[in-house]
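Below, each chain spelled out in residue letters.
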Amino acid sequence: MKWLQMIHTKMTLKLPIVAFALGLSFLFSSPAPAAVAIVSDNYIADDQTLRLTVRADGSFKKHMLSLASLKRQFYVGKVLSQTTSIKVKGKEQLQTTWQVTIGPKRRGELSIPRLRIGKQRTSPITVTVVSSNGSGLKNKPSAVTIQTSIDRPRAYIGEVLTYRVKLLIRTNLSQTTIEPPTGNKVSVSQVNGDSKSEELINGMPVITLTRTYLVTPADTGNIRLTGAVFKGYQVKNGKVAKVQTRRKGKDILMVIKPPARKGTWLPAREFKVKQSWQSDSNGKFKVGEAVTRHIEIRTKGLAQSHLPDLNFSYPSSVRVYNEKPTYESKSGYSIMHFKQVLIPREAGTILLPGMKLKWWNTAKSASSNANIAAKKLVVNPSPDKAVDLIDRPAGTDIDSGWLPEMPAMPQSLSSFFSWQGVALLFAVMWLISTAFWLRTRKRPSPIITPGMQKQEDTLSALYQAALDKDAVKIATLFQLWQKGHLAVPLQKALNTEVDNIQNAEFCENKKGWTNKKLLKLLKKARSHKNIKKMMSSLANITPE
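Keep in mind that what you see is a predicted model, and the values were worked out from it rather than measured.

So, about the overall build of the chain. Within the chain, the regular secondary structure consists of 11 helices and 34 strands. Buried positions account for 38% of the 544 residues belonging to the chain. Excluding contacts between residues fewer than 6 apart, the proportion of contacts in the chain whose partners are at least 24 apart in sequence is 70%. Working note: accessible area of the chain is about 31900 Å², and carbon and sulfur atoms make up 53% of it.

Here the focus is the environment of Gly 348. Among the structural elements, Gly 348 can be located in strand E31 (residues 348-352). Apart from residues no more than four positions distant in its own chain, Gly 348 is found in contact with Leu 377, Val 378 and Val 379.

To continue, consider the pattern of salt bridges. Opposite charge on two side chains permits them to pair, given that their charged atoms come into close proximity. Counting across every chain of the model gives 13 salt bridges. Close ionic contact of Arg 269 with Asp 151 constitutes a salt bridge, the shortest N to O distance being 3.7 Å. With Arg 269 in the loop between strand E24 (267-268) and strand E25 (270-279) and Asp 151 in the loop between strand E11 (144-150) and strand E12 (154-156), the pair connects residues that are 118 residues apart, well separated along the chain. Relative accessible area serves as the criterion here: at 34%, Asp 151 is assigned to the partly exposed category. With a closest N to O distance of 3.4 Å, Arg 298 and Glu 296 form a salt bridge. Note on Glu 296: relative accessible area 11%, which makes it buried. Connected through shared salt-bridge partners, Asp 151, Arg 152, Glu 159 and Arg 269 make up one network.

Once that is clear, we can look at the sheet that holds E24. Read from one edge of the open sheet, three strands run E24-E32-E33, paired in mixed fashion. In this open sheet, the two edge strands, each paired with only one partner strand, are E24 and strand E33 (366-372).

A few words on the packing of aromatic side chains. In total, this model carries seven aromatic pairs according to the counting rule given. Considering the side-chain rings of Phe 60 and Trp 98, the 6.3 Å spacing of their centres and the 40 degrees angle between planes classify their relative orientation as tilted. Taken as a pair, Phe 60 in the loop between strand E3 (50-57) and strand E4 (74-76) and Trp 98 in strand E6 (residues 91-104) lie far apart in primary sequence, 38 residues in all. In this structure, Phe 60 and Trp 98 share a single accessibility class: buried. Aromatic pair Tyr 156 and Trp 360: ring centres 6.0 Å apart, planes at 75 degrees, arrangement edge-to-face. Note that Tyr 156 is positioned in strand E12 and Trp 360 in strand E32 (residues 355-361), a separation of 204 residues in sequence.

A word on the sheet that holds strand E2 (residues 43-45). What links the strands of a sheet is backbone hydrogen bonding, and the strands pair in either a parallel or an antiparallel sense. The mixed open sheet is built from three strands, whose spatial order is E2-E10-E7. Of all strands in the sheet, those bounded by a partner on one side alone are E2 and strand E7 (108-112). Sheet twist, expressed as the average angle between the axes of neighbouring strands with direction ignored, equals 30 degrees. In this sheet, strand E10 (residues 125-130) lies alongside E2 in parallel orientation, the contact comprising three bridges. Pairing of Ala 45 across the sheet is with Val 130, part of E10.

Rules behind the numbers
Residues numbered from 1 in each chain as written. Predicted model: local features only at pLDDT ≥ 70, side-chain atom pairs only at ≥ 80, totals over all residues. Heavy atoms only, no water. Helix = DSSP H or I, 4+ residues; strand = E, 2+ residues; numbered from the N terminus. Buried < 20%, exposed > 50% of the residue type's maximum accessible area, 1.4 Å probe, protein only. Contact = heavy atoms within 4.5 Å. Areas by Shrake-Rupley, 256 points an atom, 1.4 Å probe, with all protein chains shown as cover. Salt bridge = Lys/Arg side-chain N within 4 Å of Asp/Glu carboxyl O. Pairing = 2+ DSSP bridges. Phe/Tyr/Trp six-rings, centres within 6.5 Å; stacked < 30°, edge-to-face > 60°. Axes fitted to C-alpha atoms, helices over the stretch in contact; angles between N-to-C directions.

Pasting the structure below:
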């Protein structure tokens, strides 16, 4: 009767028809096939009461919740109920909530049995009741529990280990922090993104928070890893407690082994390599057209900072533009993306080198290889006329019949000339040659060779590529253009500007570029002074 009087006294106060803060998400969550029972506490003294909240989907009358089975072990107060309408995924849904204050009839393990509302049933709850005069309350589970673990306490130096912190929170908290684990000669980094979930454990709403750290030992031997620490302040009745709640995870003793072999040390549980190629011509490679080589390395148990550098030795027939590697972490993997832009300079068969990466499989304690395959490119000549002209060997302009042949003189026309006509023709030719001889004594004439004509065509094609802002063609034609006759400052300025254009076009974050400076430099290269300087190095024509 003492407990009944206490319960009825408390029930004279108006009870709010809501659950305490941590239980709200369970009271108004998405529909479930079973009803939900929540208690304000499941570990109490024999002179304490607790609040029981039951929720069911749908509209029910108060008497639909039968508490007859509950009265065997608990005193039961007045039941309050309320039906509310909530929105679930945009649809209206009715929910009925009952609240009642109950008190234990004895000490020990008491059970709140399954409660039935129509076809829905709650899960049973065990309530521990201890003496209010003894030390039983000291064994009450903490409002915050911390659990720590590491996936491999025995590992290799340089291996990345996964350290997890799991927090079970049963109360409202404020100003919370988690300090990472620490240790001598180990590096610790947090993995972005905590995992958070909510669940009912024995009738109590519990927030589960999981945080992951990557631990990399930098020395061998026994290393003690000091556990992570949680700090926060509990909030009760809207007030923040003055005493800080502090929980520390257990220390872990790690045994770190030295490298198992000499050379580059890549310890990992998984090490995968994937390579792909891309060209502008759908797999048909041509001179001057870009070919992109993309390599992805995906590892588990290896830090990003320890991922290998990829250095390939390419033939001189290929120009290479390296992009800065990019890194990401996904599903426990460290991933490196490596990209190169290759531009063939010559037609023919080009072998692009591969690479063999040796790594140590920590799961099997064995050496393994990851292969980056080589590739053979069959490069076709470019259909661009300017490039075809540049690729033509010197001397083929005339020798190979590039110029059209003169038609043969008709026989009737040759018979027209007599010996007098022939003599007259020679006399006229002598006069003309004498006049040219007198002129060349005053001003020597340069030799215009097919090679010089070819360089003029190259320069013209390069100028047109600059007008078109075609970075690939600019790189190809610039390499083929002979620039030795230019002044050294002009050569340096041209080299710098072409490199700037290529870096802007093929860098990781593609940038815009202007062709104004290059066009100005090319005009300067075509100026009279540069041509005069080139021709002055050639032999003069003088009659003997």
